[in-house]
Amino acid sequence: MDRRNLLRAAVAAPLVTVAAEPAAAHPAARPAAHPQRFALAVLPDTQYLFDADSADPAPLRETFRYLIEQRDVVFMTHLGDITEHGTAEEIALAGDCFRRLDGRLPYSVLAGNHDVSGDDQRGSTAYLKEFGPSRFAGRPTFAGASPDGYNSAHLFTAGGRKWLVLALDWRISDGGLAWADGVLKAHPRVPAIVTTHDLAYADDAGVAALSEHGSRLWERLIRGNDQIFLTLNGHYWPPGRTVLRNDAGHDVHVHITNYQDRYYGGAAMIRLYTFDLARDTIDVETFAPWFLGRKPAARTPLEAETVELTGPADRFGLPIDFDARFAGFDPPALPAPRPARSVVDRHTAAYWRFDGAGQAVTDGSVVRDLSGNHNDLFVRRLANSAQNVLTVSTAHHIAQPAHASLHFDGGKNPDRGAVLHTAPDAALNSMKFLGGYTIEAFLKLPEPFAGDHAWMGLLSWEGRSGYAGKTSGWSPLEPTCSLNLSPERFLQYVVYPADRDADPTSWSHALPTGRWMHVAVVNDAHRTVVWIDGSKIARNPAQPSRGIATLGRPFVLGATSFDLKYGQGFYGWIGDVRITTRALRPDQFLTATT
């Protein structure tokens, strides 16, 4: 199929009971199976399973068994109303169930209005004796409790960082709020989740709003502490959610989780919050392990309809750019720039970067080739293009050696853009790369990706393929090597090998916008493979490909010519570019920091 027509047919705080310690003093008791993916289990009101002589702890025992077996679950939090009446007998039975988690899965609990009465200054209760600080003392995730014992803090490690869970009494006192604020200030760089029993309620459409008590928590604790990005509460049904904006201008996700009105009192139904740091998403799902463990054919109708909930308030994805959301209190540690000598060796044909002191991009300006091979680039704006079509930027890929890039504002109607090209006598112009090659570039497409930029070029060697004796391709007037972007934002690498009449072409997936990427084109003198962010793309041709049929004409950054003429230029950012005279492994790419 014609390449050009491809595809046309997501108060001061009282002292903490257990002193706040450095992060290293609280190692994760249960590491997740995947370094960038872990789950927080949320268990709401279980009161109807612990209701006097009608108590049935079997569903909760099965939920705990399930959680213990799931290696991605690193912590569980209960949202209060453990029992129906808060009697010593109910509390003791529940406490015995929770012992199944001890030493196996870290967890937190808090008191709801069915477990206690009054605020957290109520004194001794059956709940406090069973679920107070003494239950958690000495456990690696326990970070302390308020002097009254009804509010607690827990730190767990997952995804390469610490996370704080505040488990707050259903009617926290002013002193308790001051204590909670003190915990946050003792751990100023740790993102926090507030759990409590009563904070928000929802309408029948699942849209949440703060309750009277929730408004107090918002005003006195949550809105002024940017670390708090998520709140979880039970008490009310139906479940629901909303997003509020805190004093720092950042989102706080407010969620209600409660299924006690469901069959069998909710059957110890859990909600899993699966944090996927690679995808910047929290995936949320709600289900009942007690029913899930039964064979589908053996489930009764009520069990079958309660085994999982898939409505918009119970199963959804929560997009969060974690680095950006937490940057105000825990800015990411960025790697320092790396000098050119650290990424250049005897195999480097050319290496360009844009962080030179006083680097200019006016027409005729030079970007030096730091490989020492004198393949310098010269700036030239295309016809009718303003000065601002090419500027120097400090934006860069986090793993890029240089902390700078060029911003191109090319486009069509009218054609505009800028190119950087080698001199007419540069050695790179005629290199054939018969022993293999690697072409690397960092790039970023704008968000939004405005306008028509179909078939814009990133880099190329000038020339007409027909002059190299090539007849197999789309046109004898196209260059012998180019890296372009299709209308669907598929990256296209097309090359005419030096040793045959062929044009093997690689096609990527649709490139994302608003995100830096590293692209590597690797040829081992037999075939070509394109890599994006260290991952091999799917559509790399199997046909043989050795070298590049260069014609002694300039290498160009920022556009692809046709019949030696330029139309539109590149639209986006281009960072460091390196060409190597051998095939590199992914651990040898410019992204490798060791």
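Worth saying up front: this structure is predicted, and the values here are computed from it rather than measured. (Residues numbered from 1 in each chain as written. Predicted model: local features only at pLDDT ≥ 70, side-chain atom pairs only at ≥ 80, totals over all residues. Heavy atoms only, no water.)

Asks: Any chance you could explain the overall build of the chain here in plain terms?
Replies: When helices and strands are counted, the chain shows 9 helices and 32 strands. When the backbone C-alpha atoms are referred to their principal axes, the chain occupies close to 90 × 60 × 40 Å. As displayed, the chain offers around 23500 Å² of accessible surface, 52% of which is attributable to carbon and sulfur atoms. Taking the average location of the 58 positive side-chain charges in the chain and that of its 65 negative ones, the two points are 9 Å from each other. (Helix = DSSP H or I, 4+ residues; strand = E, 2+ residues; numbered from the N terminus. Areas by Shrake-Rupley, 256 points an atom, 1.4 Å probe, with all protein chains shown as cover. Lys, Arg positive; Asp, Glu negative; His and termini not counted. Charge placed at Lys NZ, Arg CZ, Asp CG, Glu CD.)

Asks: What should I look at first to understand the side chain of His-78 in this one?
Replies: Within the secondary structure, His-78 sits in strand E2 (residues 73-78). With relative accessibility at 0%, the residue His-78 sits in the buried group. A distance of 3.0 Å separates the side chain of His-78 from the backbone nitrogen of Gly-80, its partner in a polar contact. (Buried < 20%, exposed > 50% of the residue type's maximum accessible area, 1.4 Å probe, protein only. Polar contact = N/O pair within 3.5 Å; in protein donor to acceptor, adjacent residues only side chain to side chain.)

Asks: What should I look at first to understand the pattern of salt bridges in this one?
Replies: Here the idea is simple: oppositely charged side chains can pair when their charged atoms come close. Tallied over the full model, the rule gives 34 salt bridges. In this structure, the salt-bridge partner of Arg-578 is Glu-440, at a minimum N-O distance of 2.7 Å. One end of the pair, Arg-578, is in strand E32 (residues 571-580); the other, Glu-440, is in strand E23 (residues 437-444), with 138 residues separating them in the sequence. Glu-440 gets classed as buried once you look at its relative accessible area, which sits at 0%. By sharing partners, the salt bridges in this structure join Arg-37, Asp-276, Arg-279 and Asp-283 into a single network. (Salt bridge = Lys/Arg side-chain N within 4 Å of Asp/Glu carboxyl O.)

Asks: I tried to follow the environment of Asp-51 on my own but got confused; where do I start?
Replies: Looking at the element boundaries, Asp-51 is found in the loop between strand E1 (37-43) and helix H1 (58-69). Residues Asp-51 and His-85, spaced 34 residues apart in sequence, show a C-alpha to C-alpha distance of 6.9 Å. The residues contacting Asp-51, other than those within four sequence positions of it, are Glu-84, His-85 and Glu-90. Within the structure, the side chain of Asp-51 is placed 3.4 Å from the side chain of His-85, a separation counted as a polar contact. (Contact = heavy atoms within 4.5 Å.)

Asks: Even after reading the chapter, I still don't get the environment of Phe-64, so can you show me in this structure?
Replies: In this fold, Phe-64 is placed in helix H1. Here the alpha-carbon distance between Phe-64 and Ser-124, two residues 60 residues apart in the chain, equals 28 Å. Leave out the neighbours within four places in its chain, and Phe-64 touches Leu-43, Met-76, Cys-97, Phe-98 and Leu-101.

Asks: How should I be thinking about helix H2 (residues 88-98) in this particular structure?
Replies: Quick reminder: α-helices carry 3.6 residues per turn. Residues three or four places apart thus point the same way. Regarding H2, the residues found buried are Glu-90, Ile-91, Ala-94, Gly-95, Cys-97 and Phe-98. Projected down its long axis, H2 shows its buried positions confined to an angular sector of 155 degrees, all on one face. On its buried face, H2 sits against H1, E2, strand E3 (107-108), helix H3 (126-131) and helix H4 (133-136). (Arc of directions from axis to C-beta.)

Asks: How do you make sense of the sheet that holds strand E24 (residues 456-461) when you look at a structure like this?
Replies: Sheet strands pair by backbone hydrogen bonding; their relative direction is either parallel or antiparallel. The sheet built from 8 strands is open, its strands ordered E18-E19-E22-E31-E24-E25-E26-E27 with antiparallel pairing. Bordering the open sheet on either side are strand E18 (366-367) and strand E27 (505-510), each of which pairs with just one other strand. Relative to E27, strand E26 (residues 490-495) runs antiparallel, the two sharing 4 bridges. What sits directly across from Gln-492, in E27, is Trp-507. (Pairing = 2+ DSSP bridges.)

Asks: Just checking my understanding: could you explain unusual backbone geometry for this structure?
Replies: Comment: phi is negative for the bulk of residues other than glycine, and the bulk of peptide bonds are trans. Cis geometry is adopted by the peptide bond preceding Pro-238, which originates at Trp-237 and carries an omega value of 5 degrees. Among the structural elements, Pro-238 can be located in the loop between strand E10 (228-233) and strand E11 (240-245). Residues Asn-413 and Pro-414 are joined by a peptide bond in cis, for which omega reads 5 degrees. Relative to the elements of secondary structure, Pro-414 occurs in the loop between strand E21 (405-409) and strand E22 (418-422). With phi around 55 degrees, Asp-280 is a residue other than glycine that occupies positive phi space. Its place among the elements puts Asp-280 in the loop between strand E13 (270-276) and strand E14 (281-287). Classification of Asp-280 by relative accessible area gives partly exposed; the value is 28%. At Asn-384, a position not held by glycine, the phi torsion is positive, near 65 degrees. Structurally, Asn-384 can be placed in the loop between strand E19 (377-381) and strand E20 (390-393).

Asks: How should the pairing of strand E28 (residues 516-523) be read in this particular structure?
Replies: Across a regular strand the side chains alternate sides, sitting on one face of the sheet and then on the other. Most of E28 is tucked away: 8 of the 8 residues are buried. The alternating pattern of E28 places Trp-516, His-518, Ala-520 and Val-522 on one face and Met-517, Val-519, Val-521 and Asn-523 on the opposite face, and all of these are buried. Relative to E28, E23 is paired through 8 bridges, and the arrangement is antiparallel. In the sheet register, Glu-440 faces E28, and the bridge partner there is Ala-520. Pairing between E28 and strand E29 (residues 528-532): 5 bridges, direction antiparallel. Looking across to E29, one finds that Val-519 is bridged to Ile-532.

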